[in-house]
Amino acid sequence: MLKKEFCQIKRDRRLFPLIIFAPVIQLFLFGYAVSLDINEIPIAIMKEKHDSYSEEILLSLMSSNYFIIRENVHSIDEIEKAILHGRAKAGLILGEKGINILIDGSDNNTAALIEGYFEKILFENRNPSIDTPEVIPVFRMLFNPELKTVNFMVPGVTGLVLLIITMVLASGILVKEREVGTIEHIFVTPLTSSEVILGKLLPFMIIGFFDLFLVVAAGIFIFNTPFKGNFGFLIFTTFPFILTTLSLGIFISITSKTQQQAVMTAFMVMLPNLILSGFMFPIENMPLLLQKLTSILPVKYYIIILRSIFLKGVGLKILWRETVILFCFGFTFLFLSILAFKKKLS
């Protein structure tokens, strides 16, 4: 069965672009296009106060990659017009009585980031004559000190690439055999249901690990994403995840009548995994019901493992719970797939 599957994979020329190019394209799209970082934000400056402190703030703004000064204005109305017409995203007023900032709030996510950037620069340039607290807080960002989105994205994309590639491939394994009429050949062989399923899955598990190496290498060497953990532990925890997605995919293949139905069902299963896994949206911000629903999504636990290995460098001592859950998912779906195939045979 293994030899037969490898021969079929070798003959299917459409499979190689999916295996090699699709993961890299997805990584580049999420790594470059879907970035939550903002650079060179256009701002307007209104300067009423001419002192060394104001000059220090302006120098910090110009030397940072966050802001670019587009306009120097003389009134608040001019700042509001610049923001209204899209020439500026924010306006900084260096007044006699203090500092005021106007921000375009039409995009709340961008506005929150701009506010954070201003707070960072103003905190780093506190005026000793005004700000004299007894205790000055010092912020340290652990694990991702530069707060780069790409460092957060690449581990998550790795999990999504494996989810999409393995499930799409597995969902068409047996249903394709049924459509071309070769499924009967499998039924008359002396192979057991377990041997058929494992023989079908193992070649695609190898493909899954190949894509893992491809995406991780691209993330480290192209995107300069830090990898602080143990690569052997990454392989160990990837095994139950790939086993889960392949078993779920082949279960869909067994229960579907056509390849089109199998692919559509696979995408319906993948969609909640993409949205609710914590890949882009924090699970803590979701309604309580959806937070509980995420507990049945395997990719949620795998993304936690990936980000912890990449950025924190932790191992089984910390991630044992997520690892055990993935193994439970993997063997459960494998058992269900074998059971469903036995039912088909009978």
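Refer to the structure above for everything that follows.
The rules behind each value
- Residues numbered from 1 in each chain as written.
- Predicted model: local features only at pLDDT ≥ 70, side-chain atom pairs only at ≥ 80, totals over all residues.
- Heavy atoms only, no water.
- Helix = DSSP H or I, 4+ residues; strand = E, 2+ residues; numbered from the N terminus.
- Contact = heavy atoms within 4.5 Å.
- Pairing = 2+ DSSP bridges.
- Axes fitted to C-alpha atoms, helices over the stretch in contact; angles between N-to-C directions.
- Buried < 20%, exposed > 50% of the residue type's maximum accessible area, 1.4 Å probe, protein only.
- Phe/Tyr/Trp six-rings, centres within 6.5 Å; stacked < 30°, edge-to-face > 60°.
- Lys NZ or Arg CZ within 6 Å of the ring centre and 35° of its normal.
- Left-handed = near helix turned anticlockwise from the far one by under 90°.
- Nonpolar A, V, L, I, M, F, W, Y, C, P; charged D, E, K, R; others polar.

Attention now goes to the side chain of Ser-308. Checked against the element boundaries, Ser-308 lands in helix H13 (residues 298-312). Apart from the residues within four sequence positions on either side, Ser-308 is in contact with Gly-313, Val-314 and Leu-319.

An order of S2-S1-S3-S4 is seen for the four strands of this open sheet, with the pairing classed as mixed. The open sheet has two edge strands with one neighbour each: strand S2 (67-73) and strand S4 (99-103). For this sheet, the mean angle separating the axes of adjacent strands, direction not counted, is 25°. The pairing of strand S3 (residues 90-94) with S4 spans five bridges and is antiparallel. Its bridge partner lying in S4, Gly-91 is registered against Leu-102. Contacting strand S1 (41-47), S2, S3 and S4, helix H3 (residues 52-63) crosses the sheet at an angle of about 170° to S1. Against the sheet, helix H4 (residues 76-84) makes contact with S1, S2, S3 and S4, and its axis sits at roughly 165° relative to S3, the strand it touches most.

Once that is clear, we can look at the pairing of S1. Here is the key point about a regular strand: its side chains alternate between the two faces of the sheet. Burial analysis of S1 places six of its seven residues in the buried class, the great majority of the element. When S1 meets S2, the two strands line up parallel, connected through six bridges. Paired with Ile-45 across the bridge in S2 is Asn-72. The sheet contact formed by S1 and S3 spans five bridges and is parallel. Of the residues in S3, the one forming a bridge with Lys-47 is Leu-94.

Each aromatic ring pair is summarised here by two numbers: the centre-to-centre distance and the angle between the ring planes. Scanning the entire structure with this criterion turns up 14 aromatic pairs. The interplanar angle of 10° and the centroid separation of 4.2 Å between the aromatic rings of Phe-241 and Tyr-302 together place this pair among those described as stacked. With a gap of 61 residues between them, Phe-241 in helix H10 (residues 231-255) and Tyr-302 in helix H13 connect regions that are remote in the sequence. Look at Tyr-302 and you get buried, because its relative accessible area is 0%. Between Phe-329 and Phe-333 the ring centres are 6.3 Å apart and the planes differ by 10°, which places this aromatic pair in the stacked class. With Phe-329 and Phe-333 both in helix H14 (residues 316-345), this residue pair falls four residues apart, about one helical turn. The class of Phe-329 is buried, set by a relative accessible area of 15%. Cluster of aromatic residues (ring-pair linked, three or more members): Phe-233, Phe-236, Phe-239, Phe-327 and Phe-331. Between Arg-307 and the ring centre of Phe-152, over which it is positioned, the NZ or CZ distance is 3.6 Å.

Glancing now at the side chain of Glu-322. For Glu-322, the location among the structural elements is in helix H14. Dropping the residues within four chain positions of it, Glu-322 is found in contact with Tyr-301, Ile-304 and Ile-305.

A word on the packing of helix H6 (residues 149-171) against H10. Interhelical geometry of H6 versus H10 gives an angle of 35° and a closest axis separation of 7 Å. The two elements H6 and H10 cross, and the hand of that crossing is right-handed. Side by side, H6 and H10 meet where Gly-159, Leu-162, Leu-163, Thr-166, Met-167, Ala-170 and Ser-171 of the first sit next to Thr-238, Phe-241, Ile-242, Thr-245, Leu-246, Leu-248, Gly-249, Ile-250, Ile-252 and Ser-253 of the second. Among the residues making up the contact of H6 with H10, the classes are represented as 10 nonpolar, seven polar and no charged.

Turning our eyes to something else, we now look at unusual backbone geometry. Located in the positive-phi region is Asn-224, a residue other than glycine, with phi close to 55°. Residue position: Asn-224 is located in the loop between helix H9 (193-221) and H10. Judged by relative accessible area, Asn-224 falls into the exposed class, the value being 60%.

Distances and angles like these do not, on their own, reveal function.
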